[in-house]
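What the coordinates show
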Amino acid sequence: MAKTSTWKVKDGCRRCKSPAYYYPAKLLLESQSSRELTANSANRNVSVSCTGENDGSKHTLDYIFPTDFEKIQ
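Reference entry: report on the structure contained in this document. Computed from a predicted model, the values in this text were never measured in an experiment. Throughout, residues of each chain are indexed from 1 in the direction in which the sequence is written. Local features are withheld for residues below a pLDDT of 70 in this predicted model, meaning they are given only at 70 or higher, and side-chain atom pairs are given and counted only at 80 or more; totals for whole chains, interfaces and linings count all residues. Excluded from the side-chain calculations are hydrogens and water; all other atoms, namely the structure's heavy atoms, are used.

This part is about the overall build of the protein. Strands are runs of DSSP state E lasting at least two residues, helices are runs of H or I lasting at least four, and both sets are numbered from the N terminus onward. Looking only at helices and strands, the protein has 0 helices and 5 strands in total. When the helices and strands of the protein are listed from N to C terminus, the series reads β-β-β-β-β. Any pair of residues with heavy atoms lying within 4.5 Å of one another is described as a contacting pair. Contacts spanning at least 24 positions in sequence make up 55% of the contacts within the protein whose residues lie at least 6 apart. When the accessible surface of the protein is split by element, carbon and sulfur atoms take 50% of a total near 5,500 Å². Exposure was quantified through the Shrake-Rupley algorithm and a 1.4 Å probe, taking into account, for residues, occlusion by the shown protein chains and nothing else.

Below, the discussion takes up the sheet that holds strand E5 (residues 69–71). Two orientations exist for strands paired in a sheet by backbone hydrogen bonds: parallel and antiparallel. Paired strands are those between which DSSP finds at least two bridges. Pairing is antiparallel across the open sheet formed by 3 strands, whose spatial order is E2-E1-E5. Two strands close off the open sheet at either side, each with one partner strand: strand E2 (21–22) and E5. Here 2 bridges tie strand E1 (residues 7–9) to E2, and the two strands are oriented antiparallel to one another. By the bridge assignment for E2, Trp7 is matched with Tyr22.

Note on classification: 1.4 Å probe, protein chains only; a residue is buried when its accessible area is under 20% of the maximum for its type, exposed when over 50%, partly exposed between these limits. By the alternation rule, side chains of strand E4 (residues 60–65) split into Leu61, Tyr63 and Phe65, which are all buried, and Thr60, Asp62 and Ile64, of which none is buried. Pairing of strand E3 (residues 44–49) with E4 involves 6 bridges; the strand directions are antiparallel. In the strand pairing of E4, Ser49 is matched with Thr60.

Below, the discussion takes up the side chain of His59. Its location among the elements puts His59 in the loop between E3 and E4. Separated by 3.2 Å, the side chains of His59 and Asp55 make a polar contact. Not counting the four nearest positions on each side in its chain, His59 is found in contact with Cys13, Arg15, Cys16, Val48, Ser49 and Cys50. Here a polar contact is taken to be a pair of N or O atoms separated by no more than 3.5 Å, where protein atoms must pair a possible hydrogen donor with a possible acceptor and residues adjacent in sequence count only if both atoms sit in side chains.

Relative to the helices and strands, Ser5 resides in the segment before E1. A polar contact is formed between the side chain of Ser5 and the side chain of Trp7, at a distance of 3.2 Å. Leave out the neighbours within four places in its chain, and Ser5 touches Tyr22, Tyr23, Pro24, Lys71 and Gln73.

In C-alpha cells form, the structure reads like this:
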C-alpha cells in the first residue's frame with residue numbers, strides 16, 4: 001500500500017490563519033478516462049477544513065490543489 005502524502009495550505013486558513021491539511025487519495029473508481037481532461041488538469045478545486053486552532057471554530061473553504069499547498073510529508 002502506498003504512503004499517503006500530506007499537504008498544508010501555504011498561508012493557513014484564509015479566514016482565521018489556522019493550519020489546514022489535505023491528504024490526496026486516489027479513489028478506487030477514479031480513472032483518467034472517466035474524468036474530463038483539460039489543458040490544466042493538474043490543478044483541481046478541493047474543499048479543506050482548518051484545524052480551528054486560532055479562533056476555536058473550524059471553517060471549510062475551497063482551495064486550488066497544488067497551487068495553494070506545500071508538501072510536508
